[in-house]
Amino acid sequence: METDELEAIIEAEIPDAEATVDLPRAHHDRNHQDAHFAAVVVSPAFEGETLVDQHKMVYDAVGDEMTDSVHALEIETYTPAEYAERQDEA
């Protein structure tokens, strides 16, 4: 699976989400089942949700890909306000 494919899956399943997916470490074979990805997902759907519930939303969005094409997924989730604040601090 390519990073842009995973971004599209997440964005299609979480309302108004913007996802950025990277490969956090080098892969010899990008199509290998043991693919590790890192995702930053920003969505107003996360407002009022616990961090655990936010991450569950992302895992649910990825669905069956977690057993097929994605071995591990590092997740950072933010509401739009949290993400804007984070950008201001950078």
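Data block above holds the structure.
Here's what I pulled together on the structure shown here. No experiment lies behind these values; they were computed from the predicted model shown. (Residues numbered from 1 in each chain as written. Predicted model: local features only at pLDDT ≥ 70, side-chain atom pairs only at ≥ 80, totals over all residues. Heavy atoms only, no water.)

1. Digging into the side chain of T77
- Structurally, the position occupied by T77 is in strand β3 (residues 72–78).
- Among the polar contacts made by the side chain of T77, one reaches the side chain of Q54 at a distance of 2.6 Å.
- For T77, the residues in contact, after removing those within four places along its chain, are V41, F46, L51, Q54, H55, V58 and E82. (Helix = DSSP H or I, 4+ residues; strand = E, 2+ residues; numbered from the N terminus. Polar contact = N/O pair within 3.5 Å; in protein donor to acceptor, adjacent residues only side chain to side chain. Contact = heavy atoms within 4.5 Å.)

2. Notes on the sheet that holds strand β2 (residues 36–42)
- Taken together, 3 strands build an open sheet; the order of strands is β1-β2-β3 and the sheet is mixed. The two strands at the open ends of the sheet, each matched to only one other strand, are β1 (18–22) and β3. Within this sheet the neighbouring strands show an average axis-to-axis angle of 20°, counted without direction.
- Summarising the sheet, β1 and β2 pair through 5 bridges and their orientation is antiparallel. Residue A19 lies in a different strand from β2, and its bridge partner there is V41.
- Against the sheet, helix α1 (residues 3–13) makes contact with β1, β2 and β3, and its axis sits at roughly 150° relative to β1, the strand it touches most.
- Seen against the sheet, helix α4 (residues 80–89) touches β2 and β3 and runs at an angle of roughly 90° to β3. (Pairing = 2+ DSSP bridges. Axes fitted to C-alpha atoms, helices over the stretch in contact; angles between N-to-C directions.)

3. A word on helix α2 (residues 51–62)
- The end-to-end C-alpha distance of α2 is 17 Å, a good match for the 16 Å that 12 residues give at a rise of 1.5 Å each.
- Considered for burial, the residues of α2 that qualify are Q54, V58, A61 and V62. End-on view of α2: buried residues confined to an arc of 105°, all on one side of the axis.
- In this fold, the buried residues of α2 make contact with α1, β2, α3 (65–68) and β3.
- One or two steps after α2, the chain reaches G63, where phi turns positive at roughly 55°. (Expected span 1.5 Å × (residues − 1). Buried < 20%, exposed > 50% of the residue type's maximum accessible area, 1.4 Å probe, protein only. Arc of directions from axis to C-beta.)

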